[in-house]
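Commentary on secondary and tertiary structure
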Amino acid sequence: MAVFKTAAFDLSATPPAEVSVQRPRAVPETARPRPRRPLGWPLAVPSEILPGMNALLISCSDGRIVGRLDALLAEMGHADANRLLVPGGPLPFTRPGSERRVALSYVREIVDVHDVRRIVLVAHQECTGYARALGGLGFDQRELLERDLRKVKTLLETEFSGVDVRCFVIPWHEDGEGAAYGPATPVE
Ligand SMILES: [Zn+2]
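Residues numbered from 1 in each chain as written. Predicted model: local features only at pLDDT ≥ 70, side-chain atom pairs only at ≥ 80, totals over all residues.

Taken in spatial order, the five strands make up an open sheet running 2-1-3-4-7, and their pairing is mixed. Both outer strands of the open sheet, strand 2 (82-85) and strand 7 (185-187), are each paired with one neighbouring strand and no more. Strand-to-strand twist in this sheet, taken as the mean axis angle between neighbours without regard to direction, amounts to 25°. Pairing geometry for strand 1 (residues 55-59) and strand 2, over four bridges, is parallel. By the bridge assignment, leucine 57 is partnered in strand 2 with arginine 83. Contacts from helix 3 (residues 98-114) reach strand 1 and strand 2 within the one sheet, and its direction differs from that of strand 2 by about 175°. (Pairing = 2+ DSSP bridges. Helix = DSSP H or I, 4+ residues; strand = E, 2+ residues; numbered from the N terminus. Axes fitted to C-alpha atoms, helices over the stretch in contact; angles between N-to-C directions. Contact = placed C-beta atoms within 7 Å.)

Shown next, in the form of structure tokens:
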């Protein structure tokens, strides 16, 4: 009876010499071209196709304000806006060094890929992110938030030309009935 062997199953077969794997040479991060324009479905969607996606919400990750954020975006016609939710909302953009750089890199990623034309920047009162970073919040927290919003608006409009930034504060109301977040109010 004939015995058939194949090289793949014949353990005694001599392995072929000169087997080498060519690895692609690593390209230094700085030498890689940055994608400036949309990359292709589903990573990028031209703003003409899905107009709602050319907006970006930057706000706090606090779950208590989700309803107010949704209402604001719906009212502005940006219900499908991209969202960057981080503790403090605008706060990391006011911080020095790497914290601001990382925050800006996230925005750049979203702005580039989704062709963002509008950023909705929202701070909220009684923000634990702010309280923790500043060691507490005083009675002037509204002024503090508004000042930071204006500062970050200028920063973002400088970094991302052609992007329009709108600022809002979500107020905290307390009365005899209880306490709750009210609708977002614009900050000029
Ligand atoms: Zn917060």
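Now that the structure is up, let's keep going.
To continue, consider the nonpolar core. Most often, soluble globular proteins keep nonpolar side chains buried together rather than apart. Grouped together as the largest cluster of nonpolar side chains are 32 residues, with contacts concentrated most on Leu56, Leu57, Ile119, Val120, Leu121, Val122 and Phe168. Taken together, the elements giving at least two residues each to this core come down to strand 1, helix 1 (66-76), helix 2 (91-94), helix 3, strand 3 (118-124), helix 5 (141-159) and strand 4 (164-170). Per-element accounting of this core gives the leading share, five residues, to strand 3. Dropping the residues within four chain positions of it, leucine 56 is found in contact with Ala81, Asn82, Leu84, Ile110, Val111, Val116 and Ile119. (Core = buried A, V, L, I, M, F, W, Y, C linked by C-beta atoms within 7 Å. Buried ≥ 20, exposed ≤ 12 C-beta atoms within 10 Å, placed from the backbone.)

Attention now goes to the environment of asparagine 82. For asparagine 82, the position within the fold is in strand 2. Sequence-wise, asparagine 82 and alanine 55 are 27 residues apart; in three dimensions their C-alpha atoms are separated by 6.2 Å. Residues contacting asparagine 82, with those up to four places away along its chain left out, are Met53, Leu56, Leu57, Ile110, His114 and Val116.

Averaged over every residue, the pLDDT of the protein chain is 83; residues scoring 70 or more account for 72%. Counted against residues more than four places away or in other chains, residues 37-41, with its pLDDT under 50, gives seven contacts. (pLDDT = per-residue confidence, 0-100.)

What follows deals with helix 3. Helical periodicity: at 3.6 residues per turn, an α-helix aligns residues three or four positions apart in one direction. Here helix 3 spans 24 Å end to end across 17 residues, near enough to the 24 Å set by a 1.5 Å rise per residue. Along its buried surface, helix 3 packs onto strand 1, strand 2, helix 2 and helix 5. Note on helix 3: the residue one or two positions beyond its end, aspartate 115, has a positive phi of about 55°. (Expected span 1.5 Å × (residues − 1).)

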